Amino acid sequence: MADINKLDILLPNSLQTDYSSTTGQQPSVVEGDSFSDILKTALSSVDSAQHNATTAIQQALNGENTDVHDTMIAMQKADTSLKMMMEVRNKLLSAYQEVIKTQV
């Protein structure tokens with residue numbers, strides 16, 4: 001149950017094997033982190049994946065990077081992480097609406 005609370009699946013950098021391109025280390029969620037800290041970490045990871053994809057696309061368009069495979073992987077990681085974050089947002093909104101509907 002503790003693994004579910006860590007929200008490791010939200011962190012797109014956990015899909016990477018090379019962490020030197022972002023912060024140099026794998027983002028992690030510590031047991032004592034608050035929920036807002038976990039969401040901030042997840043959002044920053046999604047932003048990082050989007051930035052990496054944009055950089056890879058710009059390098060491919062400028063002819064600096066001829067490896068289309070890496071560019072497509074970066075784009076898919078960014079897309080997958082954004083979709084996952086949107087689903088988490090939808091679930092949070094749904095849970096909030098259910099809490100609001102409950103009568104005290």
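Remember, predicted model here, so these are calculated numbers, not experimental data.

Observations concerning the confidence of the model for the chain
Inference 1: Model confidence for the chain is summarised by a mean pLDDT of 79, while 71% of its residues fall at 70 or above.
Inference 2: Of all secondary-structure elements in the chain, the lowest mean pLDDT belongs to helix H1 (residues 2-5), at 46, while helix H3 (residues 68-101) reaches the highest, 95.
Inference 3: Counting interchain partners and residues more than four positions distant, the pLDDT-below-50 stretch residues 11-22 has 28 contacts.

Description of the pattern of salt bridges
Inference 1: Counted under the stated rule, the structure contains one salt bridge.
Inference 2: Asp79 is the partner of Lys83 in a salt bridge, and the nearest nitrogen-oxygen pair spans 3.3 Å. Of this pair, Lys83 and Asp79 both sit in helix H3, four residues apart, which is roughly one turn of the helix.

Section: the nonpolar core
Most often, soluble globular proteins have nonpolar side chains that are buried together.
Inference 1: Core analysis: the biggest nonpolar cluster contains five residues, these being Ala49, Ala53, Ala56, Ala74 and Ala78.
Inference 2: Looking at this core, the elements that each hand over two or more residues are helix H2 (35-62) and H3.
Inference 3: Ranked by the residues each element gives to this core, the list is headed by H2, at three residues.
Inference 4: Those residues within four positions of Ala53 in sequence are excluded, and the remaining contacts are Ala74, Met75 and Ala78.

A word on H3
Inference 1: When the terminal C-alpha atoms of H3 are compared, their 49 Å separation across 34 residues agrees well with the 50 Å that a helix rising 1.5 Å per residue should span.
Inference 2: Looking at H3, one finds that the buried residues are Thr71, Ala74, Ala78, Ser81, Met85 and Val88.
Inference 3: Buried-residue contacts for H3 involve H2.

Observations regarding the packing of H2 against H3
Inference 1: H3 packs onto H2 with a crossing angle of 150° between their chain directions and a minimal axis gap of 8 Å. Classified by the angle between their axes, H2 and H3 sit roughly antiparallel to one another. Where H2 crosses over H3, the two elements pack in a sense that is left-handed. On H3, the residues that touch Phe35, Leu39, Ala42, Leu43, Val46, Ala49, Gln50, Asn52, Ala53, Ala56, Ile57 and Ala60 of H2 are Thr71, Ala74, Met75, Ala78, Asp79, Ser81, Leu82, Met85 and Leu92.
Inference 2: Within the contact of H2 with H3, the residues separate by chemical class into 16 nonpolar, four polar and one charged.

About the criteria used
Residues numbered from 1 in each chain as written. Predicted model: local features only at pLDDT ≥ 70, side-chain atom pairs only at ≥ 80, totals over all residues. Heavy atoms only, no water. pLDDT = per-residue confidence, 0-100. Helix = DSSP H or I, 4+ residues; strand = E, 2+ residues; numbered from the N terminus. Contact = heavy atoms within 4.5 Å. Salt bridge = Lys/Arg side-chain N within 4 Å of Asp/Glu carboxyl O. Core = buried A, V, L, I, M, F, W, Y, C linked by side-chain atoms within 4.5 Å. Buried < 20%, exposed > 50% of the residue type's maximum accessible area, 1.4 Å probe, protein only. Expected span 1.5 Å × (residues − 1). Axes fitted to C-alpha atoms, helices over the stretch in contact; angles between N-to-C directions. Parallel < 35°, antiparallel > 145°, perpendicular 65-115°, else oblique. Left-handed = near helix turned anticlockwise from the far one by under 90°. Nonpolar A, V, L, I, M, F, W, Y, C, P; charged D, E, K, R; others polar.

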